[in-house]
Amino acid sequence: MRIGVLNGPNLNLLGQRQPVHYGTDTLADIEDLLTEKGDVRDLELLFFQSNDEGELVDWVQMKTEKVDGWLVNAAAFTHTSVALRDALAASDRPFVEVHLSNVYAREPFRHNSLLSDLAVGVIAGFKSSSYLFGLEALADYLEENSTE
Ligand code: DQA
């Protein structure tokens, strides 16, 4: 199975960005951890990060036919982007929403997600481990719902 791992704005700064919320792992560290887990679960992972909403939408459209599901940290676009929501809905592929920080313990504007009601599930608050839990959950979901 192939999973698209989508990362939104400012996640390229992980490692130096507000470690109290986001931990000290860089995005490259997280991608390495996911790749290790992906090898164990026989998953091929495609990674993409952008600070640009349109580029994220374009990537979802471009990769839809190639992936079985998505692991999504849309970062700030989680709370604002109808366009990304629509792109994920149009892709008709299951996705798990992840956040490094516990968004529900932070400012009220972070409590609302434009993605969660479309997601298989949401994992938040475990720093880089949120991605690993999210990948496991998505892999389990895809295996359970596979038609092959
Ligand atoms: C985030 C939470 C968002 O509110 C924030 O804008 C981010 C990162 C997280 O992973 O905790 O950039 O998605």
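Preceding block: the structure.
Everything numeric here is computed off the predicted structure, so don't read it as measured data.

Caption draft 1: Representation of unusual backbone geometry within the structure. A positive phi angle, near 30°, is found at Gln 18, a position not held by glycine. Inspection of the secondary structure puts Gln 18 in the loop between β1 (2–7) and α1 (19–22). Exposure remark for Gln 18: the relative accessible area of 41% places this residue in the partly exposed category. One non-glycine residue with positive phi stands out, namely Ala 75, at about 50°. Note that Ala 75 resides in the loop between β3 (69–73) and α4 (82–91). With relative accessibility at 12%, the residue Ala 75 sits in the buried group.

Caption draft 2: Up close: the environment of Gly 8. Residue position: Gly 8 is located in the loop between β1 and α1. Placed 95 residues apart in sequence, Gly 8 and Val 103 show a C-alpha to C-alpha distance of 15 Å. Contacts of Gly 8, omitting those with residues within four sequence positions, involve Gln 49, Ser 50, Asn 51, Leu 56, Asn 73, Ala 74 and Ala 75.

Caption draft 3: Quick look at the nonpolar core. If you look at the biggest cluster of nonpolar residues, it comprises 22 residues, and the most contacted ones within it are Ile 3, Leu 34, Leu 71 and Tyr 131. Those elements that provide at least two residues to this core are β1, α2 (27–40), β4 (95–99) and α5 (128–144). Examining the composition of this core, we find that six residues originate from one element, α5, more than from any other. In this structure Leu 34 touches Val 5, Leu 45, Phe 47, Leu 71, Tyr 131, Leu 132 and Leu 135, once residues within four positions along its chain are discounted.

Calculation notes
- Residues numbered from 1 in each chain as written.
- Predicted model: local features only at pLDDT ≥ 70, side-chain atom pairs only at ≥ 80, totals over all residues.
- Heavy atoms only, no water.
- Helix = DSSP H or I, 4+ residues; strand = E, 2+ residues; numbered from the N terminus.
- Buried < 20%, exposed > 50% of the residue type's maximum accessible area, 1.4 Å probe, protein only.
- Contact = heavy atoms within 4.5 Å.
- Core = buried A, V, L, I, M, F, W, Y, C linked by side-chain atoms within 4.5 Å.

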